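Tertiary structure, described
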Amino acid sequence: MSDIIRLTAAGLAEKLQNREISAVEATQAHLDRIHAVDSDVHAFLHVSDSALDAARRIDERRTAGEELGPLAGVPLAVKDVLVTTDMPSTSGSRILEGYMSPFDATVVKKAREAGLIPIGKTNMDEFAMGSSTEHSAYGPTRNPWDLGRIPGGSGGGSAAAVAAFEAPLALGSDTGGSIRQPAHVTGTVGVKPTYGAVSRYGAIALASSLDQVGPVTRTVLDAGLLQDVIGGHDPFDSTSLTDAWPSMAAAAREGARGDVLKGLKVGVVKELSGEGFQAGVQTRFDETVALLQKQGAEVVEVSAPHFEYAVSAYYLILPAEASSNLAKFDSVRFGMRVQPDGGGTVEQVMAATREFGFGPEVKRRIILGTYALSAGYYDAYYGSAQKVRTLIQRDFDAAFAQVDVLVSPSAPTTAFKFGEKLEDPMAMYLNDVATIPANLAGVPGISVPIGLAPEDGLPVGIQIMAPVREDARLYRVGAAIEALLEAQWGHTLISKAPALGGK
Amino acid sequence: MAKDALMDYDKALELFEPVLGFEVHVELNTKTKMFSHAPNDFGSDANTNVTPVCLGLPGALPVVNEQAVRYSISLGLALGCSIAPSSRFARKNYFYPDLAKNYQISQYDEPIAFGGSVDVELPNGRQVTVPIERAHMEEDAGKLTHVGGSTGRIQGAEYSLVDYNRAGVPLVEIVTDIIYGAESDAPELAKAYVATIRDIVVSLGISDARMERGNLRCDANISLRPRTPEGQPSAPLGTRTETKNVNSLRSVERAIRYEIQRQAAILADGGTITQETRHWHEDTGRTSAGRPKSDADDYRYFPEPDLLPVQPSAELIEELRAALPEPPAERRRRLKAEWGFTDLEFQDVVNGGLLVEITETVAAGATPAAARKWWTGEISRIANVNGVEASSLVSPENVAAVAALVEAGSLNDKLARQVLEGVIAGEGTPQEVVDARGLAVVSDDGALIAAIDEALASQPDVLAKIRDGKVQAAGAVIGAVMKAMRGQADAARVRELVLERAAG
Amino acid sequence: MSEISEEQVAHLANLARIALTPQEISSLTTELDQIVDSIAKVQQVATPDVPATSHPVPLSNVFRPDVIGETLTIEQALRNAPEHDDNRFRVSAILGEEQ
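Residues numbered from 1 in each chain as written. Chains lettered and ligands numbered in written order. Predicted model: local features only at pLDDT ≥ 70, side-chain atom pairs only at ≥ 80, totals over all residues. Heavy atoms only, no water.

If you tally the helices and strands in chain B, you get 16 helices and 15 strands. Overall, chain B is about 90 × 60 × 55 Å in size when its C-alpha atoms are taken along their principal axes. Across the 504 residues that make up chain B, the buried fraction comes to 54%. Long-range pairs, those at least 24 residues apart, make up 69% of the contacts in chain B between residues at least 6 apart in sequence. By element, 49% of the accessible surface of chain B is carried by carbon and sulfur atoms, the whole surface being about 20500 Å². (Helix = DSSP H or I, 4+ residues; strand = E, 2+ residues; numbered from the N terminus. Buried < 20%, exposed > 50% of the residue type's maximum accessible area, 1.4 Å probe, protein only. Contact = heavy atoms within 4.5 Å. Areas by Shrake-Rupley, 256 points an atom, 1.4 Å probe, with all protein chains shown as cover.)

Hydrogen bonding along the main chain pairs the strands of a sheet, whether they run parallel or antiparallel. Taken together, the three strands give an open sheet; going across it, the order is E5-E4-E15 (chain B), and neighbouring strands pair in antiparallel fashion. Of all strands in the sheet, those bounded by a partner on one side alone are strand E5 (103-106) and strand E15 (302-303) of chain B. Judged from the four bridges that link them, strand E4 (residues 90-93) of chain B and E5(B) form a sheet pairing that is antiparallel. Along E5(B), the bridge assignment pairs Asn93(B) with Tyr103(B). Packed on one face of the sheet, helix H11 (residues 310-325) of chain A meets E4, E5 and E15 of chain B and runs near 65° to E4(B). (Pairing = 2+ DSSP bridges. Axes fitted to C-alpha atoms, helices over the stretch in contact; angles between N-to-C directions.)

Attention now moves to the environment of Pro70(A). Residues and elements named next belong to chain A. Position of Pro70 among the secondary structure elements: in the loop between helix H4 (51-63) and strand E2 (75-79). Residues Pro70 and Val229, spaced 159 residues apart in sequence, show a C-alpha to C-alpha distance of 9.2 Å. Excluding residues within four positions of it along the chain, Pro70 makes contact with Ala13 and Gln17.

Applying the stated criterion to the full structure yields 62 salt bridges over all chains. In this structure, the salt-bridge partner of Asp306(B) is Arg200(A), at a minimum N-O distance of 3.0 Å. Linking Asp306(B) in the loop between E15 and helix H5 (314-322) with Arg200(A) in the loop between strand E5 (189-192) and strand E6 (212-217), this pair reaches from one chain into another. For the pair Asp306(B) and Arg200(A), a shared accessibility class is recorded, and that class is buried. (Salt bridge = Lys/Arg side-chain N within 4 Å of Asp/Glu carboxyl O.)

Judged by pairing direction, the sheet is antiparallel, and its four strands sit side by side in the order E8(B)-E9(B)-E3(C)-E2(C) without closing on themselves. On the outer flanks of this sheet lie strand E8 (143-147) of chain B together with strand E2 (84-85) of chain C, each paired with one strand and no other. Here E8(B) runs beside strand E9 (residues 159-163) of chain B; their pairing, made up of five bridges, is antiparallel. Bridge assignment links Lys143(B) to a residue of E9(B), and that residue is Asp163(B).

Mapped onto the secondary structure, Ser87(B) falls in the loop between strand E3 (82-83) and E4. If we skip the residues at most four places from it in the chain, Ser87(B) touches Gln107(B), Glu110(B), Pro111(B), Ile112(B), Pro309(B) and Val310(B).

Below, the discussion takes up the domain arrangement of chain A. All names here are of chain A. What the domain assignment lists for chain A is domain 1 (3-303 + 397-496) and domain 2 (307-395). Here the C-alpha centre of domain 2 lies 27 Å away from the C-alpha centre of domain 1. Taken residue by residue, the interface counts 35 residues in domain 1 and 30 residues in domain 2. Summing both partners gives a buried area of about 3100 Å² for domain 1 against domain 2, and 68% of it is carried by carbon and sulfur. Of all residues in domain 1, the largest losses of buried area upon contact with domain 2 belong to Ile95, Tyr429 and Leu440, amounting jointly to 26% of the total for that side. Seen at the junction of domain 1 and domain 2, the total is zero salt bridges. For the pair domain 1 and domain 2, the interface holds 18 residue pairs in polar contact (both at pLDDT 80 or more). If one sorts the elements of the side of domain 1 that touches domain 2 by residue count, helix H16 (residues 436-441) sits on top with five residues. (Domains from an automatic or database assignment. Buried area = accessible area lost by both parts, 1.4 Å probe. Polar contact = N/O pair within 3.5 Å; in protein donor to acceptor, adjacent residues only side chain to side chain.)

Take the side chain of Asn65(B) next. Structurally, Asn65(B) can be placed in strand E2 (residues 64-65). With relative accessibility at 0%, the residue Asn65(B) sits in the buried group.

The next point concerns the interface of chain B and chain C. Counting residues at the interface gives 54 residues for chain B, matched by 32 residues for chain C. A buried area of about 3600 Å², summed over both sides, lies between chain B and chain C, and 62% of it is on carbon and sulfur atoms. On inspection of chain B and its partner chain C, the count reaches zero salt bridges. Put simply, chain B and chain C have 24 residue pairs in polar contact (both at pLDDT 80 or more) between them. Listing elements by their share of the side of chain B that touches chain C, those giving two or more residues are E2, helix H2 (66-78), E8 and E9 of chain B. Looking at the side of chain B that touches chain C, the element that brings in the most residues is E9(B), giving five residues. Along the lines of polarity and charge, the residues of the side of chain B that touches chain C split into 30 nonpolar, 15 polar and nine charged. Relative to strand E1 (residues 63-64) of chain C, E2(B) runs parallel, the two sharing two bridges. Bridging across to E1(C), Asn65(B) finds its partner in Arg64(C). (Nonpolar A, V, L, I, M, F, W, Y, C, P; charged D, E, K, R; others polar.)

Right, let's talk about the environment of Arg333(B) for a bit. Considering the arrangement of structural elements, one finds Arg333(B) in helix H6 (residues 328-339). A relative accessible area of 55% places Arg333(B) in the exposed class.

Residue and element names in this part refer to chain B. Of the residues making up helix H15 (residues 474-484), those classed as buried are Ala474, Val477, Ile478, Val481 and Met482. An end-on view of H15 places all buried positions within 135° of arc, on one side of the element. Every exposed residue of H15 that faces more than 90 degrees away from the buried side is listed here: Lys483 and Ala484. Tucked into the core, H15 has its buried residues touching helix H13 (445-458), helix H14 (460-467) and helix H16 (491-503). Residue Arg486 follows H15 closely and has a positive phi angle near 50°. (Arc of directions from axis to C-beta.)

Okay, structure coming up:
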C-alpha cells in the first residue's frame, strides 16, 4: 500500500488504467496515509466520507469498459477555498464553519467529471490571507520537512498534503503566491496559471482581480495533467478566457526530454535577488541558472524597475477588493451569527458576528482595504496602486520582448518557524515579494524544487514566469529543470523528505 | 409624526424658485436577472427565483445579461443620450440585509449613456426640455418584510424577513441634470416628466412600467432658492431633499408640491433645510424625514473586478437606434389625430397619464372614444376616490371587454359601471362579473312587455296622455319599468315597447 | 507617521461592520499606520499620465444570453441560513428603539 502513495499522479494513473491498482485501493491508501500522518501535519480540515464510493463508481465504469479521463481514479485534495457539495467549505474561517455549498466550484466539477476523487479539504490561512497557514481559524498546518516550521501559505494545507504523500494532487488558489510560495517551502510543484485560464467560479473570492486557481503536485508533469483537467473557458466566470489551450501535460513531457533549453532566452529578474534573500536560497537559484546556461540557454539579467512597488500596490489592491468580497459574510443568508448581549439591531448583529467570526489578519486587511477605498483616499491609495499595476505590466512587456521566460527564487527564505513573523505583518507580507508581480500582471508562474538550502536543509524553489497565455512554456521549462536536477541528484527531492507518522 | 408647517403654494413661489432633479429607476422586463440566469419574476413564492449569484453565496460570480445591455442602450438613445464607447460596472459598498453581497453592482464614473434630454408637455400646453445627465445600469435589491410593530413599517418592527427574488433584477437609473425654470409648474412638470419616461419605456417594450408594482420608481430632489431683485446675481442653490417612495404619477405631483410648501415655510421662518432623504406617505399626503445624508455615506466605489467593460460596437448602436419607436411628442400628435379627440379630450388623457392605457385598450378592440370614456370617466373616478393610479385598477383588456359588451347591447352604461366595479373588486373578468352578478340587460321582450303592461295598467292617466300624443309622458312608465327590471334593461328598447303597447 | 487616528479606525470599522474592541482599535491604529507608511510609496510613481489597470488580462463585452437557467430549491436557498421563517431569511430589527 505505501508504494501507492509514493507514486506520482501520472504513475498512479497508468497503473489505474492498466488495472494494476483499483481506484478504491488508491483512495484507501491515501485515506490510510492521512489517518497515519495528518495528526502531525494537519493538512486537512475535512476528510471525505464519500471518496471510497466515488472510487468504487470509477472502478465500475472502468470495468464496464467505459473510456475514462487520464486521471480517473486519482485522489485529489481540494483547498478549502473551493466550494464543494459533499464537504463543508470554510475558507479557513470560523465564520463559515460547517457551510455546505449547494454547488461545486467549476474546477471541482471538472475534476469530478474527469474521474478524480476528491478526498478532503485542505487547510489554509483564513480567506487565503497569509503566507504561513498560521492564520487558519482551525490551527496551523505543519511543514512535512520540519514540523516546527510553516508550510507556506495561504495554501499550506494543499502543499503539505502533497509533500506528505497524503494526496498525489491538490488544488490551490494563488492571489499573491499562495500556490507557489508553499510549493517553494515544501519541495513541491505549484502553478499559478494565466489569469482567466482556470475558472474562479466557486473559489471563495479574496481579491477577484488577482485570484487564480491552480495545481499543487509533486512533479511538473502531474501539474500539467491537472491543469489540463481544470483549465478552459467557463461561462460562469466573466474573466475566464475563451482561448483553446494546448495540453500542459504534453508540454511537460516535451520539456522533460531536455532539448527545450537550447537557445531559450532566460531573464534573471535583477530586483528579485540580493537583500532580503536568504543565502542558501540564492545559492541554489544561482546554481540552477548556471545549469540552464550549461544546457544552452541564453541567460541575461533583466531589470523590472517597478517590481519594488509591487508589494505596496498588492497590499492596497488586495485588501480593497477583499473588504468588499468579504462583506457578504454578514450572518443573514449563511454562516455564523453572533447575537450581541440583549439582542440588538441587524447592524449590531452583523458587527458582532464579524468581530467574532473573523481572525485578526482578516480584520486588519478589511480595515486597510476600507481605508484604501474610502472617500478622499481612493486616488492616493487604490487609484495609485492600479497605476503601479500598469507599470508592472509594462515591465513584464519590456522583459518578455527580450526573453522567453523570467526566473527568480520563488520566495526569499526557506520555511520559517511558527510565530517568527506573526507579530510583524510587513515582514510576513514580504514573503510574497517574488510571486506578487505575476498576479498583478496576470502572467503565469510556476515554482519547481531546486534543492535544499545548505544552511538549514530546507527546500528551495525556482519561479519561472512566462507571458500571458504562455502557460505551456512554464511546463516545458519547468519539466526540463526538474529532469536535469533529478538526473544530477539521482533521485527526486521529495524522496528526501523525512518520514512521518512513525513510518 | 409632527405635522409640518406649510406655506401657501402661491406665496412660496413668490419668495422662492424651485430647483428640481429626478432619479427614475426603471426595472427592465428581461427574462432573467442582470447578472444571473434566475427568472426576472418576483411575484413568485419567496426565494424561489434565486441562484447562488442572487444570494451572494461564497464563490458565486456575476455575468452580464446581454439583453439588459441592449435595452439600456435603446433607452439611452430614446433619451437622446450619447452611448459610451466604453462603460463599466462598479461596486457600491454598503451593508443592508436586502443587499445579498452588501454591495450593489452599479455604474459609477462610466455610465452606459450620458448627456441627453426629454421634451415634456405640461397640462397648460407649456413645453419643457428636461436635461438628462446620465442613464446607467444596476441591479435591484431584495425585498424586506417588517414583522411586529404597526402596519408592517420598519419603525417598531420586531424583526424582518428577506426575500431575494427581486435581488438582481436589472434596473436602469435615469438621472436628470438640475432642472431650472419649472417655476409654479414644478409639480406638474414632475408628473409629466415621469409620465413621459413611462411612455418611452413602454413604447420601447423594455419595462412593464407599472409604478404601483415598483417597476418604475421616482426619487425627487427639490431645493428652493430665494428670489433676488432684478439685476442682482441669483442666490446660491438651496439645500436639497430627496423624496423617495413616490409610487404613482399623482404622488410625484403631490410630493413636489408638499416639499415646496414645507421647505418654504422653514426658510421663511429663518430655518435651514436638512439634507436628507424624505419618505412620501401616500395615505397622509406628507413627507417624513428619513436618513440624513452625511459624510458617513461613503460607498467606497471601485471598478467591479468580476466584470469587464461594456463596449458596444457602432453597428449595434445604429441597429438599436434604427429600431427606436417614435418620440413621445410625435407619438402624442399622431395618436390625437388617429383617435380624433378634441384638444380638451386629449389633454384630459395626457393629464390623467392614460395614453398607454388607452393605446392598449384600443389595441384590445375598443373604439378610442369608448376607451377614453371609461378611463377618464368611471375608472379615474374610482382611482381618485381611493387615491390610487387608474392603471393599477383594471387591465386594458378588461376595459375593452366591457366596452364590447356595451357595444353589443348586452350592457347599458349603468350596468357597465357595475361590471367595472366588480372587475376592480377582483371578481373576475367582465363576463364573469356579468354572470355572477346577473347583470346582463334583459333582452327578452316578453318579460319587458309584462312589466310595461303592468306599469301602464297602474298609471291609467299616463296611458291616456300617451294616447293623446303626449309622448314625453312615457318617461314615467319607462322609469317604472327600468326600476322593475332593476336597471337591467335597454332603455331605448323599453321606450319603443311602451309606445307600441300604449298604442294598443 | 501617525497619519491614522483611532477615531478613523473606529469609523472604518463601522463602515466595515466589525465591532472592534477598544484594544483592537488601538493596536490596529499602530499597525495600519506602519503598513500605510510603507505602502504609500505607490504614489511616487503613480503619475497622472499612467492609466489605471483594473483587470490583468483585458477583455470586454462578456455577456450571457437572456435565457433562464437552473435555480436553487427553497431547501438549498435556506440550508445555511442562521434563521429563517416562512421561506424567508430572518434578521433582527433593522432600526433600534431610539430610531
